[in-house]
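Fold and contact review
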Amino acid sequence: MLLRSSIAFISSSPSRLSVTKLFSTVNPLTPLTPSAVVVPKKFVPTPFPYHHVMEATVESLTNLGVGVCRVKLPEGVAVDGDVDSNGDGEGKKKDWVVFVPSVIPGELVQLRIYRNFASYSSADLLSVLSPSPHRVSPQCSIANECGGCQYQHVDVGYQRKWKRMHVVELLERIGGIEREEGERVVKETVGTDEVYNYRSKLTPHYEAPRDRTEIDVIGFQRKQIRQLIDVPSCVIATEEINEALPGVRQRVNDRLKAGELKKKKGATLLLRHANEGVIFDHNQYVTTNVLDLQFKFKAGNFFQNNPYMLPNMVNYVVDQAKGEIGGEMTHLVDCYCGSGLFCLSASKSFDVCVGIEVNDKAVEEAQQNAALNGITNCEFIAASAEQIFYGGQVQSYPKDKTCVVIDPPRKGASEEFLEQLLKFGPKRIVYMSCGPDTQARDTKILLAEKKYKLSEVVPFDLFPQTRHIESCAVFERSD
Ligand SMILES: C[S@@+](CC[C@H](N)C(=O)[O-])C[C@H]1O[C@@H](n2cnc3c(N)ncnc32)[C@H](O)[C@@H]1O
């Protein structure tokens, strides 16, 4: 099989002669003679031939962290589509979008096409001809191949600038918020200095062993292709996780040799770093501290996994929830509450709090965490989030003194939930999200009837070096 990735770094000197390797790769690029190129069977040869090499300037980044280049279509090739912005397309596209990873806007790069789609192409990066001043050396030797990180080649300040820009752009494109308004409400991305060795949970995978006598690939998906890459250590995971990783990998192979692994099934391993050390058993209870509270939860259950960033996020949610605009809130509803993180952290600032969560095991944990921390003004309900508005309890809350915090999974809140939330009409809504695209979609719904105003959005850099953005939006009732 031909492996595509390898990048050379070409200095910005005018002669462009000084070529140094920027990333060490497992499969160094060897110049391919035409006869060595095997064109994949399903390759569509329009508009570019397989492995066509070209130079392009990177215009921007998608919110998946991939570079966007706009290139001219080859002479004589016309593709149906919108007339180009200069108006001379006569119903045919002349510009074409090519996506390429591991680049930074403004860079001139050399790329190589490996797939044509109906309206764009995908390419590998061959070399950076004119590097961005924001380009840095990744700490990880496989940063260019592993799909876990998208931004190790970008300085963290610039990563955070782009994360903010992505939130502004998503609010405009999906949320219908004008650019100027987005620029005003979306604040700077909040981050900490711990930009490596911060992840307290790692879940590497291996594929079905079948007839193999050794599992030599335990890791994550490669960039751009559905294939695992071996990850013997991970620079964004805590040092303790990295120390435990060789033992975990060895145990998988010991179990394979002992015939204990299913031949036809791959699996995902767990390494959860908490107060007890690094735990591998999903069902083992672990504890961790966030600000002045202790949380106990099953190692395999959801818990935010950047302990350095978490206090900032919790403080922000609690500050916004209790609020100053329109007076202090007395009642808190925490929807999608997990093991009670926001609800319990905010409990001191409220008379009464209620959390709702669909996973009954997490609800048990939340109840136990309330007891563990001597908190008596929080109640937790095991049900789907919209159910909170059907019971009598929350309906009796004073709406002008109630804040609803929501922190749904990546797919965002359901329409039914948002409909009920709008009908209930709390004074304030604090919406934490790990999916800024679905948050933008839900924002559009929350703002549609002009019952709420979007007062502020803060992106949190929970996962430096990756494209992931945690974003918190605060809505205030308009009256
Ligand atoms: C992003 S986590 C947030 C958990 C918690 N706020 C925290 O920070 O630890 C989302 C939570 O929503 C829960 N969930 C998913 N769908 C739900 C639904 N329809 N109703 C209530 N909870 C749901 C998941 O089980 C998960 O615990």
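Helix and strand counts for the protein chain come out as nine helices and 25 strands. Counting across all 479 residues of the protein chain, residues that qualify as buried make up 52%. Within the protein chain, contacts between residues separated by at least 24 positions form 66% of all contacts whose residues are at least 6 apart in sequence. Of the accessible surface of the protein chain, which amounts to about 22,200 Å², a share of 51% is contributed by carbon and sulfur atoms.

Structurally, the position occupied by Lys201 is in strand β10 (residues 201-202). Relative accessible area serves as the criterion here: at 19%, Lys201 is assigned to the buried category. Taking the C-alpha atoms as reference points, Lys201 and Asn306, separated by 105 residues in sequence, lie 8.4 Å from one another. The residues touching Lys201, leaving out its near neighbours within four places in the chain, are Ile241, Leu270, Leu271, Arg272 and Asn305.

Before going further, it helps to examine the site of the ligand. Taken together, 16 residues are adjacent to the ligand, and Gln304, Glu357, Ser384, Ala385 and Asp407 come closest. Between a nitrogen atom of the ligand and a main-chain N or O atom of Tyr336, the distance comes to 3.2 Å. Across the shell around the ligand, the residue classes tally to 10 nonpolar, four polar and two charged.

Turning to the sheet that holds strand β16 (residues 277-279), a few remarks are in order. Overall, antiparallel pairing links the three strands, which are arranged β10-β15-β16 in an open sheet. Where the open sheet ends on each side, the last strands, each with one partner, are β10 and β16. Bridging between strand β15 (residues 271-274) and β16 involves three bridges; their strand directions are antiparallel. If you follow Ala274 over to β16, its bridge partner there is Gly277.

Per the UniProt record, "active site" (unreviewed entry) is found at Cys434. Here Cys434 lies in the loop between β23 (428-433) and α9 (436-447).

One open sheet holds the seven strands; their spatial order is β21-β20-β19-β22-β23-β25-β24, and the pairing between them is mixed. Since the sheet does not close on itself, it has two edges, and those belong to β21 (378-382) and β24 (452-460), each with one partner. Across the sheet, the mean angle separating the axes of adjacent strands is 15° when strand polarity is ignored. Where strand β22 (residues 402-406) meets β23, four bridges bridge the pair, whose relative direction is parallel. The residue of β23 that forms the bridge with Ile406 is Tyr431. Helix α1 (residues 156-173) contacts β24 and β25 (470-477) of the sheet and is inclined by roughly 150° relative to β24.

Time to look at the UniProt feature "binding site: S-adenosyl-L-methionine" (unreviewed entry) in the protein chain. This chain's UniProt record puts "binding site: S-adenosyl-L-methionine" (unreviewed entry) on Gln304, Tyr336, Glu357 and Asp407. Mapped onto the secondary structure, Tyr336 falls in the loop between β19 (331-335) and α5 (341-346). Leave out the neighbours within four places in its chain, and Tyr336 touches Ile356, Glu357, Ala385, Ile406, Asp407, Pro408, Pro409, Ala413, Ser414 and Phe417. Position of Glu357 among the secondary structure elements: in strand β20 (residues 352-357). A relative accessible area of 12% places Glu357 in the buried class. Beyond its immediate chain neighbours, meaning those up to four positions away, Glu357 contacts Tyr336, Cys337, Gly338, Ala362, Val363, Ile381, Ala382 and Ala383. Of the polar contacts made by the side chain of Glu357, one reaches the backbone nitrogen of Asn359; its length is 2.9 Å.

Right, let's get into the environment of Ala413. Relative to the helices and strands, Ala413 is located in the loop between β22 and α8 (415-424). Aside from chain neighbours lying at most four places away, what touches Ala413 is Tyr336, Pro408, Leu418, Tyr431, Arg441 and Asp442.

Now for the packing of aromatic side chains. Enumeration over the complete set of coordinates arrives at 10 aromatic pairs. Aromatic pair Phe117 and Tyr120: ring centres 4.6 Å apart, planes at 20°, arrangement stacked. Take Phe117: its relative accessible area is 28%, and that puts it in the partly exposed class. On the numbers, 5.7 Å between centres and 45° between planes, the contact of Phe295 with Phe303 is tilted. Since its relative accessible area comes to 0%, Phe295 is described here as buried. Put simply, the rings of Tyr336, Phe389, Phe417 and Phe424 touch in pairs and so form one group of aromatic residues. We note Arg251 situated over the ring of Phe280; from NZ or CZ to the ring centre the distance is 4.8 Å. The side chain of Lys296 reaches across the aromatic face of Tyr285, ending 5.7 Å from its centre.

So, about the side chain of Asn242. Relative to the helices and strands, Asn242 is located in helix α3 (residues 239-257). With a relative accessible area of 17%, Asn242 lands in the buried category. At 2.7 Å, the side chain of Asn242 forms a polar contact with the backbone nitrogen of Cys234. Residues in contact with Asn242, not counting those within four places in the same chain, are Asn197, Ser233, Cys234 and Ala237.

Rules used throughout
Residues numbered from 1 in each chain as written. Predicted model: local features only at pLDDT ≥ 70, side-chain atom pairs only at ≥ 80, totals over all residues. Heavy atoms only, no water. Helix = DSSP H or I, 4+ residues; strand = E, 2+ residues; numbered from the N terminus. Buried < 20%, exposed > 50% of the residue type's maximum accessible area, 1.4 Å probe, protein only. Contact = heavy atoms within 4.5 Å. Areas by Shrake-Rupley, 256 points an atom, 1.4 Å probe, with all protein chains shown as cover. Near = heavy atom within 4 Å. Polar contact = N/O pair within 3.5 Å; in protein donor to acceptor, adjacent residues only side chain to side chain. Nonpolar A, V, L, I, M, F, W, Y, C, P; charged D, E, K, R; others polar. Pairing = 2+ DSSP bridges. UniProt positions renumbered as here; feature names shortened; annotations may be inferred. Axes fitted to C-alpha atoms, helices over the stretch in contact; angles between N-to-C directions. Phe/Tyr/Trp six-rings, centres within 6.5 Å; stacked < 30°, edge-to-face > 60°. Lys NZ or Arg CZ within 6 Å of the ring centre and 35° of its normal.

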